Amino acid sequence: MAHRIRGRKNAKKGFQFTLMVVGASGLGRTTFINTLCDADVVPKRECDEPEMAHVEESIKIKPYTVELDEDGIKISLTIVDTPGFGDMIDNEYCFQEILGYLERQYDDILSEESRIKRDRRFRDNRVHALLYFIAPTGHSLREIDIELMKRLSPRINIIPVIGKADTMTPSELVDFKKRVMEDIEHHNIPIYNFPYDPEEDDEETVEENSELRSLLPFALIGCEEEIEVNGRRIRARQYPWGVVEVDNSEHCDFAKLRFALLSSHLQDLKEITHDYLYENYRTEKLSLSSGEESE
Amino acid sequence: MSLQAESSQPVLQSYVGFDSITSQIEKKLLKRGFQFNVMVVGQSGLGKSTLINTIFASHLIDSKGRTQPDEPTRQTVEIHSFTEEIIERGVKLRLNIVDTPGYGDQVNNENCWEPIVKYIKDQHSSFLRKELTAKRDRFIQDTRIHCCLFFISPTGHSLKPIDIVVLKKLTEVVNVVPVIAKSDSLTIEERIAFKHRIKEEMAFHNIKLYPYASDEDDEQDQKLNESIQDLIPFAVVGSEKTIIVDGKTVRGRQNRWGVINVENENHCEFIHLRNFLTRTHLQDLIETTAMIHYETFRSKQLLALKENGQQQQ
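Just so it is clear, the structure is predicted and the values come from calculations on it, not from any experiment. (Residues numbered from 1 in each chain as written. Chains lettered and ligands numbered in written order. Predicted model: local features only at pLDDT ≥ 70, side-chain atom pairs only at ≥ 80, totals over all residues. Heavy atoms only, no water.)

1. As for helix α1 (residues 21-32) of chain B
Turning to step 1, where the next piece is worked out: With 12 residues, α1 of chain B should cover 16 Å at 1.5 Å per step; its first-to-last C-alpha distance of 16 Å lies within 8% of that length.
Turning to step 2, where the next piece is worked out: Just downstream of α1 of chain B, G33 of chain B is the residue with a positive phi angle, here 85 degrees. (Helix = DSSP H or I, 4+ residues; strand = E, 2+ residues; numbered from the N terminus. Expected span 1.5 Å × (residues − 1).)

Here's what the structure looks like:
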């Protein structure tokens, strides 16, 4: 597996990163995107007329690009939203749509690579990570969760997260996370689990990665508005029984995930996408076509 | 010619004592006990079992959720019926809880409501058959569903297409009471907006929810029903665990940022739902099942039988 490299020399040029977000509506996906970027990237879903509630909306793939500045490092972040996932009565179609999108980006690179005269400014739209939103049921994975992760993991780094995690108590969260990970292991679903080599990597790396691994699936809470708490303005959700702070690591894993995605593990995710996932796709695709030719 | 005055009720010369009929009835009913059949419908993980256990303040049913990795996901909707007798101050309540695990949990949920609607109709059918038997039981065991609690996922957006389809089908055959499950994930503002949307959508689709207006209602009944209709869908939180709040033991949920007291009206509407189901409308739920839903089923069946009979002649 690729090692994590801190690419400081690219600081001026900045990084490019593409993140896809998948989950049934109502799990806080859109809010998460806006919270991550600290801006209104995805417009708030305008509640349609009541006449539209029964209309089944099929999945749409919507990329948005934002320029972020992370401690002086510029990141051109593309977020691919997937509204409509899991919203229909029959959701078989969803998986193919997403898979098709991911593979199309790989196809673009493949054909660009094979060109005699290559475009220097070719835009790499490959998706480097997929955040999959799991509902906070308290049980284990649902069929749609298992199916999605199984089908997409060969093509993309999947990081499972729990949406609207503030609905769970700390002990429920611990149990749920454990069950979800056991379920993922049982079904042999390869997710991105912050890989490290205890023998080769330094202590700091091992510690950092094993901590992040232990947080999987990340418990997320999203909030776009700031409210005043104890004289400070912070992003938080106000309930009659208390205030949940988005950026507080005691309350949820948002801050840690954000740091991993946009700082510490950005390179690793990109490298795995290129060196491993894309390579596999390329091999499969090319051997398929050469297999056809030889017939 | 004077118009006859309002028919005057005869005035009793002395105490007769027929007013004790209410306690005579009560005595009979206490001996017989009551039967209440409630069904829960909703995706797994919405707290259905926990809510039932919270309403009746006892551990009655276990969650049917998938918890072990080697447990396969359910491929169809199953109907699990569970009966328990509970007693409160000498009043026996035979509680039958019908759980519907598997509903809404598959990738393809086409027709997942069919087993549920079929089960409800089967109970009407079985009751009708027993009624029509020449030599029938003195008291036919009532397995008809008196109340269907429909669990809405707290998305904060709107009803899902599947919710609309199922609500339409269910409200035709049973008293449906919708609840917003796990409402502790919604702030008060979000809750109000969500409820408003849901009500709009239900009104648009003409979904008839319990309680229904009736000619028998007096002003007090009407007011109560209106306040219930205002509250629906109930935003609930369930809990079997107890926590100490201000020295009192309450059922609630403890988070890092606070304690949710299930019985606090400012936190959620559990108390309203509980009172509605058990303290104000329990008898009415049972009665309207018999008088409205069963009657509708019965007349359809008997008409069909009659037509069949005529065709054969």
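2. Here we look at helix α6 (residues 219-231) of chain B
All names here are of chain B.
Turning to step 1, where the next piece is worked out: With 13 residues, α6 extends 19 Å from end C-alpha to end C-alpha; this agrees with the ideal 18 Å at 1.5 Å per step.
Turning to step 2, where the next piece is worked out: Contact partners of the buried residues in α6: α5 (188-204), β6 (234-235) and α7 (270-280).
Turning to step 3, where the next piece is worked out: Sitting at the amino-terminal end of α6 is D218, which places a side-chain oxygen 2.9 Å from the backbone nitrogen of Q220. (Contact = heavy atoms within 4.5 Å. Polar contact = N/O pair within 3.5 Å; in protein donor to acceptor, adjacent residues only side chain to side chain.)

3. Comments concerning the packing of aromatic side chains
Turning to step 1, where the next piece is worked out: Going through the model one piece at a time under the given rule, you end up with 13 aromatic pairs over all chains.
Turning to step 2, where the next piece is worked out: Centre to centre, the rings of Y106 of chain A and Y278 of chain A are 5.6 Å apart; their planes meet at 50 degrees, and the pair counts as tilted. Placement of Y106 of chain A in helix α2 (residues 92-113) and of Y278 of chain A in helix α7 (residues 266-293) is noted, with a sequence separation of 172 residues between them. Of the two residues examined, Y106 of chain A and Y278 of chain A, each falls in the buried class.
Turning to step 3, where the next piece is worked out: A connected cluster of aromatic rings, assembled from ring pairs, spans Y210, Y212, F234 and F276 of chain B.
Turning to step 4, where the next piece is worked out: The side chain of R126 of chain A reaches across the aromatic face of Y278 of chain A, ending 4.8 Å from its centre.
Turning to step 5, where the next piece is worked out: Seen from the ring of F127 of chain B, R144 of chain B lies directly overhead, with NZ or CZ sitting 3.7 Å from the centre. (Phe/Tyr/Trp six-rings, centres within 6.5 Å; stacked < 30°, edge-to-face > 60°. Buried < 20%, exposed > 50% of the residue type's maximum accessible area, 1.4 Å probe, protein only. Lys NZ or Arg CZ within 6 Å of the ring centre and 35° of its normal.)

4. Description of the nonpolar core
Nonpolar side chains tend toward joint burial in soluble globular proteins.
Turning to step 1, where the next piece is worked out: Ranked by internal contacts, the top residues of the largest apolar core, which has 157 residues, are L77 of chain A together with L149, L170 and L273 of chain B.
Turning to step 2, where the next piece is worked out: Per element, the largest residue contribution to this core is 9 residues, and it comes from α2 of chain A.
Turning to step 3, where the next piece is worked out: Here L170 of chain B is in contact with V41, I116, V117, I120, C148, F150 and V176 of chain B, once residues within four sequence places are set aside.
Turning to step 4, where the next piece is worked out: Formed by 5 residues, the second largest nonpolar core is a distinct cluster that contains L128, I140, Y294 and F297 of chain B. (Core = buried A, V, L, I, M, F, W, Y, C linked by side-chain atoms within 4.5 Å.)

5. Things to note about the sheet that holds strand β2 (residues 62-70) of chain A
Residue and element names in this part refer to chain A.
Turning to step 1, where the next piece is worked out: Strand order in this open sheet of 6 strands is β2-β3-β1-β4-β5-β6, and the pairing throughout is mixed. Strands at the two margins of the open sheet, each flanked by one partner only, are β2 and β6 (218-219).
Turning to step 2, where the next piece is worked out: Where β2 meets strand β3 (residues 73-81), 9 bridges bridge the pair, whose relative direction is antiparallel. Residue T65 lies in a different strand from β3, and its bridge partner there is T78.
Turning to step 3, where the next piece is worked out: Strands in contact with helix α1 (residues 29-37) are β1 (15-22), β2, β3 and β4 (129-134); relative to β3, the strand with the most contacts, it is inclined by about 170 degrees.
Turning to step 4, where the next piece is worked out: Contacts between helix α3 (residues 143-152) and the sheet are confined to β1, β4 and β5 (158-162), with β4 contributing the most and set at about 170 degrees to the helix. (Pairing = 2+ DSSP bridges. Axes fitted to C-alpha atoms, helices over the stretch in contact; angles between N-to-C directions.)

6. Notes on the UniProt feature "domain: Septin-type G" (unreviewed entry) in chain B
Turning to step 1, where the next piece is worked out: Here, the residues flagged by UniProt with the feature "domain: Septin-type G" (unreviewed entry) are residues 32-304 of chain B.
Turning to step 2, where the next piece is worked out: Structurally, residues 32-304 of chain B is divided into 38% helix and 20% strand, and its ends, taken at the C-alpha atoms, are 35 Å apart. (UniProt positions renumbered as here; feature names shortened; annotations may be inferred.)

7. Overview of the packing of helix α3 (residues 114-132) of chain B against helix α8 (residues 282-312) of chain B
Angle between the axes and distance between the axes are the two parameters that describe a pair of packed helices.
All names here are of chain B.
Turning to step 1, where the next piece is worked out: It is at 10 Å that the axes of α3 and α8 come closest, and there the two elements cross at 75 degrees. Between α3 and α8, the interaxial angle falls into the category roughly perpendicular. Contacts between α3 and α8 involve K121, H124, S125, F127, L128, E131 and L132 on the former and, on the latter, T289, H293, Y294, F297, R298, Q301 and L302.
Turning to step 2, where the next piece is worked out: When its residues are assigned to classes, the contact of α3 with α8 shows 6 nonpolar, 5 polar and 3 charged. (Parallel < 35°, antiparallel > 145°, perpendicular 65-115°, else oblique. Nonpolar A, V, L, I, M, F, W, Y, C, P; charged D, E, K, R; others polar.)

8. A short note on the interface of chain A and chain B
Turning to step 1, where the next piece is worked out: With 50 residues of chain A at the contact, the number on the chain B side is 50 residues.
Turning to step 2, where the next piece is worked out: Interface area for chain A against chain B, summed over the two sides, is near 4,500 Å², with a carbon-plus-sulfur share of 55%.
Turning to step 3, where the next piece is worked out: Three residues, I89, E143 and W241 of chain A, lead the burial of chain A against chain B; their summed loss comes to 19% of the area buried on that side.
Turning to step 4, where the next piece is worked out: At the junction of chain A and chain B, the tally comes to 4 salt bridges.
Turning to step 5, where the next piece is worked out: The partner of D105 of chain B in a salt bridge is R142 of chain A, and the shortest N-O contact between them spans 3.9 Å.
Turning to step 6, where the next piece is worked out: Where chain A touches chain B, the interface holds 21 residue pairs in polar contact (both at pLDDT 80 or more).
Turning to step 7, where the next piece is worked out: For the side of chain A that touches chain B, the elements supplying multiple residues, two or more each, are α2, α3, α4 (170-186), β8 (232-239) and β9 (242-245) of chain A.
Turning to step 8, where the next piece is worked out: If one sorts the elements of the side of chain A that touches chain B by residue count, α4 of chain A sits on top with 6 residues.
Turning to step 9, where the next piece is worked out: In terms of residue class, the side of chain A that touches chain B is made up of 17 nonpolar, 14 polar and 19 charged. (Buried area = accessible area lost by both parts, 1.4 Å probe. Salt bridge = Lys/Arg side-chain N within 4 Å of Asp/Glu carboxyl O.)

9. Describing the sheet that holds strand β7 (residues 242-245) of chain B
Residue and element names in this part refer to chain B.
Turning to step 1, where the next piece is worked out: With antiparallel pairing, 3 strands are arranged side by side in an open sheet as β7-β8-β9. Looking at strand neighbours, the two that pair on one side only are β7 and β9 (258-261), the edges of this open sheet. Shown here is a sheet whose adjacent strand axes are inclined to one another by a mean of 65 degrees, direction ignored.
Turning to step 2, where the next piece is worked out: Bridging between β7 and strand β8 (residues 248-255) involves 4 bridges; their strand directions are antiparallel. Looking across to β8, one finds that V245 is bridged to K248.

10. Examining the packing of α2 of chain A against α3 of chain A
Residue and element names in this part refer to chain A.
Turning to step 1, where the next piece is worked out: Direction vectors running N to C along α2 and α3 enclose 25 degrees, while the axes themselves pass 10 Å from each other. In this view, α2 runs roughly parallel relative to α3, as classed from their interaxial angle. For the pair α2 and α3, the crossing hand works out as right-handed. Counted together, E92, F95, I98, L99 and L102 of α2 and I144, E147, L148, R151 and L152 of α3 form the full contact between these two elements.
Turning to step 2, where the next piece is worked out: For the contact of α2 with α3, a count of residues per class yields 7 nonpolar, no polar and 3 charged. (Left-handed = near helix turned anticlockwise from the far one by under 90°.)

11. Some remarks on the pattern of salt bridges
Residue and element names in this part refer to chain A.
Turning to step 1, where the next piece is worked out: Evaluation of the coordinates by the stated rule reveals 34 salt bridges over all chains.
Turning to step 2, where the next piece is worked out: A salt bridge links E284 to R155, with the nearest nitrogen and oxygen atoms 2.8 Å apart. Of this pair, E284 sits in helix α7 while R155 sits in the loop between α3 and β5, and the two are 129 residues apart along the sequence.
Turning to step 3, where the next piece is worked out: Here R155 falls in the buried class, since its relative accessible area comes to 9%.
Turning to step 4, where the next piece is worked out: Residue K177 pairs with D253 through a salt bridge whose shortest N-O separation is 2.7 Å. Of the two residues, K177 is situated in helix α4 and D253 in the loop between β9 and α6 (254-264); the sequence distance between them amounts to 76 residues. D253 matches K177 in its accessibility class, with the two residues each being buried.
Turning to step 5, where the next piece is worked out: Overlapping salt bridges bring together D38, R235 and D247 as one network.

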